[in-house]
Amino acid sequence: MPRHVLAATRVDGREIAREERPAAPSLTVVAAYGDLHACDYVTVSQGESVGLYARDPGGTWDAVSPGTDAVTTDEMRLWFELTHHYPGPDGADPNHPLGRAPQPGTVGRIDERSAITLVQEHIATGGLDYPTQGLVADRFAAGWSVYAPVDVDDSDPMAFLDMPVGRSVFMVGDTGRIKEVTSAIPPGQADALFTAEEAFVRRPPAEEAFMNDLKAEFERLDARSGQPGAITDFTVVGTPPEAVTAARVTALTDEIARQLALCGPQQWERMVAAFSCAVSAETADLYFWQHEQPVEARVPEQIALLVRRQRHLAAAMPAGPWLRLMVAVTKGPGGQAQVSTQYDYGDERLPEGQLLAPTHYRNDLAAYPRAGVPAWLRAHAGANGRRTASPRMAPPRPAPPRQEAPERPFVDSPVGWTTHVVADQQRITYGGDSLTWEEIEWVRYPVSRTKHQGFLFPSMYTNTYTFGVGRYGNSPKGLEDLTWSKGGKRAEAPEAWLALAEFAQRVLEPRLLAQRLDLIRRGGSFTIGEMRVHRGGLTLRGVMEADWGSLTDVEVADGLVWIHERGRQQAVRVSLGSANAVLLPRIVAAMAG
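Our next topic: the environment of His564. Summarising the element assignment, His564 is placed in strand S28 (residues 560–565). Taking the relative accessible area as the measure of exposure, His564 reaches 24% and is therefore partly exposed. Between the C-alpha atom of His564 and that of Val554, which follows or precedes it by 10 residues, the distance is 6.1 Å.

To continue, consider helix H7 (residues 301–314). Between its terminal C-alpha atoms H7 stretches 20 Å, which fits the 20 Å expected from 14 residues at 1.5 Å a residue. In terms of burial, H7 is largely enclosed, as 12 of its 14 residues are buried. Listed in full, the buried residues belonging to H7 are Ile303, Ala304, Leu305, Leu306, Val307, Arg308, Arg309, Gln310, Arg311, His312, Leu313 and Ala314.

In this section: the packing of helix H2 (residues 70–84) against H7. Two elements in contact, H2 and H7, have axes whose closest approach is 10 Å; the angle formed by their N-to-C orientations is 140 degrees. The angle between H2 and H7 places the two elements in the oblique class. Helix-helix and strand crossings are classified by hand; for H2 and H7 the assignment is right-handed. Here Glu75, Met76, Trp79, Leu82 and Thr83 of H2 lie close against H7, whose contacting residues are Gln302, Leu305, Leu306, Arg309 and Leu313. Among the residues forming the contact of H2 with H7, the class breakdown is 6 nonpolar, 2 polar and 2 charged.

This brings us to the packing of helix H6 (residues 242–261) against H7. Interaxial distance between H6 and H7 falls to 9 Å at its minimum, and their mutual angle equals 165 degrees. One finds that H6 runs roughly antiparallel with respect to H7. Judged by the sense of rotation from one axis to the other, the crossing of H6 with H7 is left-handed. Note on element contacts: H7 touches H6 through Ile303, Leu306, Val307, Arg309, Gln310, Leu313 and Ala314, opposite Thr245, Val249, Leu252, Thr253, Ile256, Gln259 and Leu260. Of the residues belonging to the contact of H6 with H7, the class tally is 9 nonpolar, 4 polar and 1 charged.

Cut-offs and rules
- Residues numbered from 1 in each chain as written.
- Predicted model: local features only at pLDDT ≥ 70, side-chain atom pairs only at ≥ 80, totals over all residues.
- Heavy atoms only, no water.
- Helix = DSSP H or I, 4+ residues; strand = E, 2+ residues; numbered from the N terminus.
- Buried < 20%, exposed > 50% of the residue type's maximum accessible area, 1.4 Å probe, protein only.
- Expected span 1.5 Å × (residues − 1).
- Axes fitted to C-alpha atoms, helices over the stretch in contact; angles between N-to-C directions.
- Parallel < 35°, antiparallel > 145°, perpendicular 65-115°, else oblique.
- Left-handed = near helix turned anticlockwise from the far one by under 90°.
- Contact = heavy atoms within 4.5 Å.
- Nonpolar A, V, L, I, M, F, W, Y, C, P; charged D, E, K, R; others polar.

Functional significance is not addressed by these values, which are geometric in nature.
Laid out in structure tokens, this is it:
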């Protein structure tokens, strides 16, 4: 039987150290080996199978891929680096595998005017509260940063206090992909991360990359020889054969299925995911079945990056890039799972819920020219692959599960005297104020009890149940404080409040938590109450300046989040009435390990 080879590696796959072992090492042994050699990645090989382990920014080791081939291991190593470490506190590194912008390809670089037009349409079709006039664009390696400039009175030394914090900036890649980021992230980091995402998705296969680097080195040596033209021809023949590409696409699809499986409830029996993609946009639907009941889940952006990469590799196949990818996983006895994959190349028109705007298909046809384009797609995209502005239309939404009857709200309850709060799986509405769940940026649902001390009569109790959601900045006021009151020392919580709190915990909080953790790891910061949360730890001006490692415990009691720091006698408190305070315990747990 082949022995197990333990190897500490750099991000580019180069080995720092290796040793052979007679048995498979445990996670503890792998972590100790990685820490010994001060690296973030360790592989364990047995024959042709390679397992990849990685250390996250908090120092915790885990298995990224339990066993695949060497090339897919390289893919997953770069993916983990991109989603957990890059660009790092020192910013972008041009020598890093993700530090160089991808080649423009057949599309070429998008111009400034087109980038601004795409953002204007993105704002209009999405109904975003953002100006569309006076936008400016700054070029960076992989595209443009488009934003509304802020006028500041240079003569007023206090004018900076009026500048908006956390305003949106739109990153537009050369393929037309738009990513909305917050200005709380330093511009250099945002540019470097977006460039790295594009580099990860669009980099050539290993053989082609090697031959391109070899060609560049020959040309460099030719230029130094003093005899230009000594090398008159150099043909790149490193593109892998079709069978090899197909095997790599399949292996990466298995890794996507493995990562998607982590997004569902613990005891799920079946999973179905559907992706509709073009180079500049995608939709994703993900459902799990638990006890024969479907449960909808959100596909994290990190996994969407893997899907984009898989599609780019698949584009080298004779059929070209798929328009839809369906992945189904069924658990069998003994923990075994069966993965089935189906590709849709657009032989028939896509379902409305998964049909993208025409401009995205024009971008895709320009990036991946095809010999045959279905008639419906040619008519839908128009312009024969020419990148132009799309007509204004409603933004695509994931297709909901098929239903026999219109969806019914799970909450329809009076708040106050007459006005009802109504909530279904798509949005929450109170009077004239309404938000979709996807728009919401913060949530809170504190409970308080007031005791009215009696003198001649027994004491009375009033229990107040509050539920609030909103966006930072411009937000519907009516949804920020939905309040129910009930009397009695042992009053039961109102059913409407319980239903909203449960929905927030199940649907809202996982998304909000993932976004906040991603912001922290990218070097950004935000506040919860008066507490500033950042990559270094927690800061409460004049009270606490704690790094993550010094935090010993976080507990929730009496309407407060109690944060305990090593060496501090009294815990620091944050009110659960503060926006997103309910996320604090899990943020600390994730960052402090």
